[in-house]
Amino acid sequence: GRIVFPIWDHLGQIVGFTGRILNDNKKIAKYLNSPQTLIFNKSNLVYGLFHAKEYVRQEKKIILVEGQMDVLMAVQNGYNNVVAASGTSLSVDHLKLMTRRDESIILCFDSDAAGFKALERAIILAWQVDIKVKVLEIPEDCGKDPDDCIQNHKDKWEEIIKSPLTVWQYYKKKWSGLKNLEEKKIINK
């Protein structure tokens, strides 16, 4: 009941596998990975990076999403500069792997509480190592992740990738709709 993905390192060698359940059964783990080893270290792997390298060099930007399905859907639809952080928390090592030259990273995480938290953590990490980041925000009516948005609203996906938000625009938009201090406290949790 799982689809299995090979995981390549940035040199093109298969170093492990991940399996994702086909139906969202809450009783079992959504993803199962190869065990952590010296070769398969998720903190040093960016899913899709080996295949995206040439496109990233050409476009000078890379779109970072949360999951393998997001990457696969993007690539199937011609967006070849999309990668994921291999189902683990984003690290400085991930960021450095993605920006060996002068590329900028465009962050596009799921539009749920965990995704927003991961996005803001990624912004802070990128700033710590002086990497330029922008943000893609998936509209509420387009689904919760890039996979949904591309499958169901490809035209809107096209729109948002053409004009990613600066970090300042993202925060301004986030805070501008809040009416009082209590709402601001809730959104920061």
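Remember, predicted model here, so these are calculated numbers, not experimental data.

Chemist: If you had to explain helix 2 (residues 68-76) to someone new, which residues and values would you point to?
Modeler: Residues Gln68, Asp70, Val71, Met73 and Ala74 constitute the buried set of helix 2. Against strand 1 (2-8), strand 2 (14-21), strand 3 (31-33), strand 4 (61-65), strand 5 (82-84) and helix 5 (146-152) lie the buried residues of helix 2. Count one or two residues on from helix 2 and you reach Gly78, which has phi positive near 90 degrees.

Chemist: Tell me about the sheet that holds strand 8 (residues 165-166), residues and numbers included.
Modeler: Taken in spatial order, the five strands of this open sheet run 5-4-6-7-8, and their pairing is mixed. Edge strands, defined here as strands with exactly one partner in the open sheet, are strand 5 and strand 8.

Chemist: Any details on the side chain of Asp145? Residues and values, ideally.
Modeler: Of note, Asp145 is situated in the loop between strand 7 (133-135) and helix 5. Despite its burial, Asp145 pairs with no opposite charge; the closest candidate is Lys144, at 4.1 Å N-O. Within polar-contact distance, the side chain of Asp145 engages the backbone nitrogen of Asp148 at 2.8 Å. Setting aside anything within four residues of it in sequence, one finds Asp145 in contact with Asp70, Asp110 and Ile138.

Chemist: Go over the pairing of strand 6 (residues 104-107), please, and point to the residues and values.
Modeler: Note on strand geometry: in a regular strand, side chains alternate between the two faces of the sheet. Covered by surrounding structure in strand 6 are Ser104 and Ile106 together with Ile105 and Leu107, the residues of both alternating faces. As paired strands, strand 4 and strand 6 are joined by four bridges and run parallel to one another. Bridging across to strand 6, Ile62 finds its partner in Ile105. Here three bridges tie strand 6 to strand 7, and the two strands are oriented parallel to one another. What sits directly across from Ile105, in strand 7, is Val133. Once you follow strand 6 into helix 4 (residues 113-128) and on to strand 7, the crossover reads as right-handed.

Chemist: Which residues make up the pattern of salt bridges, and what values do they have?
Modeler: One pass over the structure, following the stated rule, counts five salt bridges. Residue Glu54 is joined to Arg57 by a salt bridge in which the shortest nitrogen-to-oxygen separation is 2.3 Å. A residue pair is termed a helical-turn pair when its members lie 3 or 4 positions apart in one helix, as Glu54 and Arg57 do in helix 1 (residues 49-59) at three residues. For Arg57, a relative accessible area of 30% translates into the label partly exposed.

Chemist: Just give me the short version of the packing of aromatic side chains, but keep the residues and values in it.
Modeler: Under the counting rule described, the total for this entry stands at four aromatic pairs. Plain terms: the ring middles of Tyr79 and Trp157 are 6.1 Å apart, the flat faces sit at 75 degrees to each other, and that makes the pair edge-to-face. Taken as a pair, Tyr79 in the loop between helix 2 and strand 5 and Trp157 in helix 6 (residues 154-162) lie far apart in primary sequence, 78 residues in all. Tyr79 gets classed as buried once you look at its relative accessible area, which sits at 8%.

Criteria and cut-off values
What you see as residue numbers is a count from 1 along each chain, following the sequence as written. Totals for whole chains, interfaces and linings use all residues, but because this is a predicted model, local features are given only for residues with pLDDT of at least 70 and pairs of side-chain atoms are given and counted only at 80 or more. The basis for every side-chain value is the complete set of heavy atoms in the structure, and neither hydrogens nor water enter the calculation. Note on classification: 1.4 Å probe, protein chains only; a residue is buried when its accessible area is under 20% of the maximum for its type, exposed when over 50%, partly exposed between these limits. Strands are runs of DSSP state E lasting at least two residues, helices are runs of H or I lasting at least four, and both sets are numbered from the N terminus onward. Note on contacts: a residue pair is in contact if any heavy atoms of the two residues lie within 4.5 Å. Think of it this way: DSSP has to see at least two bridges between two strands before they count as a pair. Under the counting rule used here, the positive set is Lys and Arg, the negative set is Asp and Glu, and His together with the chain ends is not counted. Here, a salt bridge means any side-chain nitrogen of Lys or Arg that lies within 4 Å of a carboxyl oxygen of Asp or Glu. Polar contacts, as counted here, are pairs of nitrogen or oxygen atoms within 3.5 Å of one another; within protein the pair requires one atom able to donate a hydrogen and one able to accept it, and residues that are adjacent in sequence qualify only if both atoms are side-chain atoms. Handedness of a crossover is defined as follows: with both strands directed away from the viewer, a clockwise route from the first strand across the helix to the second makes it right-handed. Working definition: rings of Phe, Tyr and Trp (its six-membered ring) pair if their centres are within 6.5 Å, and the pair is stacked with planes under 30 degrees apart, edge-to-face with planes over 60 apart, and tilted otherwise.

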